[in-house]
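Here is how the chains run, residue by residue.
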Amino acid sequence: QGENTMKNVKILLIFMAISTLVFASNTRTNALGGAGFWADDYANVWNFPADVNNHNVAYTSGDNFATIFDHDGTKWGFSWNQANANDMINLQWGNGSMGVTFGLNMSASDNGLTGDGSSTSGMGLSASWGMEMGFGELGVGFSNSSYDDGDADSKDDPATMGLTVNLRRAQSLWIFDNMLAQFNYASENEGWKDDQTAMELAVSYYTHINVGANTTALVAAGFGYGSVTNVNGTKDATLTTIALPAWTFAVETNMTDWGSLRCGVTSQYNLSMTENDGPTGTAEAPVPGVDETSRGGTGVDVSMGLGFNFG
């Protein structure tokens, strides 16, 4: 149960930190261990906004669209997500050395009647900034959302907040030559539950290996820490995980000049995991309010993908 909860928390962190942005194409990097390990891919724009200066892109997957282009020496990017019909604007900007993203989402509804609690409104705001610094490439992002459900009791209104910090730099250690550090903080209030807050810190070292003329491999190892309070809105329910090591191995091979095969494998060893269902919990803990501890591996996750080059 704890492992599944941590996976859900990680998804929550990612979603809340960039909820109003469109992931233009993580198709390649999702199969290869994550965008942070592949600095050449434009999916990095969302974690490292200054990367907008390095790409010209037009992309659609059918329900979203994104483009990045140069205009008089300045980079501009726009994206829309049909799945989120309340998006007003998602904008990227770069001046050659730094990059900025901005997203705005708004909605409102009112049937014109007074006092029936049917008037609702919502707003989401996100922004990020990034720049190549002397100590490495830095990306910082913030998001916030709120919703008024029309009820006179404002305490029932849900809200979210997210903060991300990403750092990537050349760093030699053992067989590795790069370091990737990521910090995520997220808070979610569903209105009728206690606020759930989650924090995650991951530090990985990685390297790319030219296996052959047409094949590149990625090897990464690192440390991860995750902490959640009021899990799923249950007061004082907590989950804390320390992972060491967390491994990533990925291979991308160009089988032909028009087709690439990708495969990624991830695994981690939980050095420590502590779970408490809270004083009112009735889930897995032997006694509600008592810490349950464990240690061990989490198995292996495998992802695969195909890429086609149309020139």
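Caption draft 1: Quick look at the overall build of the chain. Assigned secondary structure in the chain consists of 2 helices and 14 strands. Counting over 311 residues, the chain shows a buried share of 41%. Once local pairs closer than 6 in sequence are excluded, the contacts in the chain between residues at least 24 apart make up 51%. Accessible surface for the chain amounts to roughly 16000 Å². Of this, 57% is attributable to carbon and sulfur atoms.

Caption draft 2: Expanded view of the packing of aromatic side chains. All told, the structure shown has 6 aromatic pairs when counted by the stated rule. Note on Phe-37 and Tyr-206: the rings are 5.1 Å apart at their centroids and 65 degrees apart in plane angle, and the pair reads as edge-to-face. Residue Phe-37 is located in the loop between helix H2 (27–30) and strand S1 (57–60), and its partner Tyr-206 is located in strand S10 (residues 196–212); the two are separated by 169 residues in the primary sequence. Comparing Phe-37 with Tyr-206, the two get one shared label, buried. A ring pair is formed by Phe-78 and Trp-80, whose centres lie 6.3 Å apart and whose planes are at 15 degrees; its orientation type is stacked. Residue classification places Phe-78 among the partly exposed positions, given a relative accessible area of 26%. When its relative accessible area of 42% is taken as the criterion, Trp-80 is described as partly exposed.

Caption draft 3: Focus on the environment of Asp-301. Inspection of the secondary structure puts Asp-301 in strand S14 (residues 292–308). The class for Asp-301 is partly exposed, based on a relative accessible area of 41%. A sequence separation of 35 residues divides Asp-301 from Thr-266, and the C-alpha atoms of the two residues are 5.3 Å apart.

Criteria and thresholds
- Residues numbered from 1 in each chain as written.
- Predicted model: local features only at pLDDT ≥ 70, side-chain atom pairs only at ≥ 80, totals over all residues.
- Heavy atoms only, no water.
- Helix = DSSP H or I, 4+ residues; strand = E, 2+ residues; numbered from the N terminus.
- Buried < 20%, exposed > 50% of the residue type's maximum accessible area, 1.4 Å probe, protein only.
- Contact = heavy atoms within 4.5 Å.
- Areas by Shrake-Rupley, 256 points an atom, 1.4 Å probe, with all protein chains shown as cover.
- Phe/Tyr/Trp six-rings, centres within 6.5 Å; stacked < 30°, edge-to-face > 60°.

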